[in-house]
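Spelled out from the first residue to the last, the chains are:
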Amino acid sequence: MKRYSAWKLFTHALRGHKDWPEAWRAAEPKKHYDVVIVGGGGHGLATAYYLARNHGITNVAVLERGWIGGGNVGRNTTIVRSNYMIDGNTPFYEWSMKLWEGLSHDLNFNVMLSQRGHVMLAHSADQMQAHVRRANTMRAHGIDAEILSRDELRREVPDLDYSDEARFPIHGAIVQRRAGTARHDAVAWGYARAADRLGVDIIEHCEVTGFVEEGGRVTGVETTRGRIGAGAVGMAVAGHTSELARKAGLELPIESHVLQAFVTEGIKPLIDQVIVFGAGHFYISQSDKGGLVFGGDLDGYNSYAQRGNLPVVHNVAEIALAIAPHLSRLRLLRHWGGVMDMTMDGSPIIARTPLDRLYLNGGWCYGGFKATPASGWTFAHTIAHDAPHELNAPFTLDRFREGVQIDEGGSGPVPGHH
Amino acid sequence: MLRIPCPFCGERDHAEFSYGGDARVQRPALDDRSEERWYRYVFLRDNPRGPHREFWQHVGGCRAWLVVERDTGNHEILDVRFAADAMKEAQCE
Ligand SMILES: Cc1cc2nc3c(=O)[nH]c(=O)nc-3n(C[C@H](O)[C@H](O)[C@H](O)COP(=O)(O)OP(=O)(O)OC[C@H]3O[C@@H](n4cnc5c(N)ncnc54)[C@H](O)[C@@H]3O)c2cc1C
Ligand SMILES: [Zn+2]
């Protein structure tokens, strides 16, 4: 597999881009692997890549029941940031941010990280104070954060409704300038290609239907393409975590919910940053193609249907117009849904399970895209050492039983509220 | 659009209803000292893909609590009854 470079681009352009090699092999499943990763989303692929790159474990397969990029990794609104505030989350997401900053070079694939800044609005004096507290926490951890007054914000982000008549007047904002967006498909393809180059087999259209166990230890998986033996198995199936884990006898503190996202027709540059509404759930940015990409809350009921309902469409449109009334002139081009693995505290699980050599990566709620690099990094470590990395040590399955939940939103054990 | 046939009000948009989660979870008795049972009640959920019995309250209508059986794979509503009746039936089962 050849490296991508400016020179390659030039020579392939001369030949009309007709003979680019495939980005990864269509591997046939072998009888046995040292590690099998279930789920070819961002997290599964990143895990396989870091198993090979950081731990020298290259006899690895990623089993994906659909196609690479068909899950949430290709359905999200692409926001990456590390403005988390409670123990466990803060260092983990910052490590992810640091990995994002070097990812295109590391993978030899342009993931189009755009550190355009993440601007979270405040709509009251009290909310400004809450933002200041968050900014202080972040800075105490060496993470960049700034507080902008209403006037400063207005100079940087002119096209919002700053009038006093706004339903939720804008008081200011907290900004993380290193945050922004990345191209979601490129992240899946980049990790897949880089893992393949290190010897990982990426096997699409191969669904895991059960686990093979011997004496309290997992020794393989049953799949739609036959039984595959494994020294260790890592589950990374996001919204389908409960369904898969049930096959290994695990009961989890997770509910699957639907989250929708929206894209408008393409327009000239209007929104330079990621803008987040502070008095409800809404976030918006502009893609390189010019479409405004935005989303809001979960629909609020258990769902595996990958499609949502009208009340959320309505609510999201209302918020959009509340902060930027001129958006009413735009037409929606597309909208879709993804299945979110919502945990009881809103934080993920990257951990060993009661079954020996079976590992769980899941519960990403709707924030798992930004976590992709650190999740792969720490999950690979957990599998390679049969023990967690210090960054994912708090993300255990036992934390619910032990009363040490990581509840960033303070919403309590109601998955749909995180 | 998800529409729920309320036994009292008839079929209405789900925007009139508020979701109450898995209706099969049983709260332990208040004097139950088993940590395991409380843990299961507070945190563990079946989360099936397929038929799911769940609470909805018709807040924008008769305000009754309902138990709705709904397929989480395609949102099809399979059964609706008043929660009070459903809970009595569940106890007899
Ligand atoms: C609308 C929307 C907006 C979002 N916005 C953001 C955002 O702005 N920022 C952010 O950080 N996060 C966001 N997220 C969340 C983020 O996309 C997810 O948390 C993350 O992508 C989940 O990890 P993944 O990429 O590995 O999942 P996926 O891509 O879903 O990968 C899981 C894979 O497992 C496969 N699978 C399932 N069962 C089996 C089986 N039995 N055998 C084999 N394979 C199986 C699936 O087919 C799937 O491809 C958003 C999500 C959605 C839906
Ligand atoms: Zn009613």
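Residues numbered from 1 in each chain as written. Chains lettered and ligands numbered in written order. Predicted model: local features only at pLDDT ≥ 70, side-chain atom pairs only at ≥ 80, totals over all residues. Heavy atoms only, no water.

Here we look at the pairing of strand β5 (residues 65-71) of chain B
All names here are of chain B. Stated precisely, the cut-off is as follows: Three exposure classes are used, based on accessible area relative to the maximum for each residue type with a 1.4 Å probe and protein chains only: buried under 20%, partly exposed in between, and exposed over 50%. A helix here means a DSSP run of H or I that spans at least four residues, while a strand means a run of E at least two residues long, and both kinds are numbered starting from the N terminus. A pair of strands is treated as paired once DSSP finds two or more bridges between them.
In terms of residue burial, β5 counts as a mostly covered element, since five of its seven residues are buried. The sheet contact formed by β5 and strand β6 (residues 77-82) spans five bridges and is antiparallel. Bridged to R70 within β6 is I77. Counting the residues in the hairpin turn of β5 and β6 gives five residues, including H75, whose phi is positive at 70°.

Some remarks on the coordination of the zinc ion (ligand 2)
Residues and elements named next belong to chain B. Inclusion rule: Counted as donors are N, O and S atoms no farther than 2.8 Å from the metal, or 3.2 Å for Na, K and Ca; water is not among the atoms, and sites may therefore look incomplete.
Every protein donor of the zinc ion (ligand 2) is listed here as C6 (SG), C9 (SG), H58 (ND1) and C62 (SG), and their distances to the metal cover 2.0 to 2.4 Å. Linear spacing of the donor residues for the zinc ion (ligand 2) on their chain is C-x2-C-x48-H-x3-C. Taken together, the residues C9 in the loop between β1 (3-6) and β2 (10-13) and C62 in the loop between β4 (51-57) and β5 connect sequence positions 53 residues apart.

What to know about the side chain of H75 of chain B
Summarising the element assignment, H75 of chain B is placed in the loop between β5 and β6. On the basis of relative accessibility, which here comes to 6%, the residue H75 of chain B falls in the buried class.

Things to note about the pairing of β4 of chain B
Side-chain positions along a regular strand alternate between the two faces of the sheet. Residues and elements named next belong to chain B. β4 sits mainly inside the fold: five of its seven residues count as buried. Across four bridges, strand β3 (residues 18-22) lies against β4 in antiparallel orientation. Each bridged residue has a counterpart across the sheet, and for D22 the counterpart in β4 is E54. Here seven bridges tie β4 to β5, and the two strands are oriented antiparallel to one another. Within β5, the position partnered with P51 by the bridge is D71.

A short note on the packing of aromatic side chains
Residue and element names in this part refer to chain A. This is how the line gets drawn: For this analysis, a ring pair means two rings from Phe, Tyr or Trp (six-membered ring only for Trp) whose centres lie within 6.5 Å, classed as stacked if their planes differ by under 30 degrees, edge-to-face if by over 60, and tilted for the remaining angles. For a lysine, the NZ atom is tested; for an arginine, the CZ atom; a charge sits over a ring if that atom is within 6 Å of the ring centre and within 35 degrees of the ring normal.
Under the defined criterion, the tally for this structure stands at 22 aromatic pairs over all chains. Taking the centre distance of 5.0 Å and the plane angle of 90° together, the rings of F92 and F395 count as edge-to-face. Of this pair, F92 sits in helix α3 (residues 89-107) while F395 sits in the loop between α9 (368-385) and α10 (399-402), and the two are 303 residues apart along the sequence. Each of the two residues, F92 as well as F395, counts as buried. An aromatic cluster of at least three residues, connected via ring pairs, comprises Y49, Y50, W95, Y191 and W377. In this structure, R167 is placed above the aromatic ring of F168, and the distance from its NZ or CZ to the ring centre is 4.3 Å. The ring of Y4 is capped by R193, whose NZ or CZ atom sits 3.5 Å from the centre of that ring.

Comments concerning the sheet that holds strand β16 (residues 332-343) of chain A
Residue and element names in this part refer to chain A. Note the threshold: In this description, a line fitted to the C-alpha atoms serves as the axis of each element, helices being fitted only across the stretch in contact, and the angle between N-to-C directions of two axes falls anywhere from 0 to 180 degrees. The contact criterion used throughout is that any non-hydrogen atoms of two residues lie within 4.5 Å.
Read from one edge of the open sheet, eight strands run β5-β6-β4-β13-β14-β15-β12-β16, paired in mixed fashion. The sheet is open, and its two edges are formed by β5 (146-149) and β16, each paired on a single side. Neighbour to neighbour, the strand axes of the sheet diverge by 25° on average, direction disregarded. By the bridge criterion, four bridges tie β5 to strand β6 (residues 172-176) in an arrangement that is antiparallel. From the neighbouring strand, I147 faces β6, where its bridge partner is I174. Against the sheet, helix α8 (residues 310-323) makes contact with β4 (118-122), β12 (254-266), β13 (274-276), β15 (291-302) and β16, and its axis sits at roughly 135° relative to β15, the strand it touches most.

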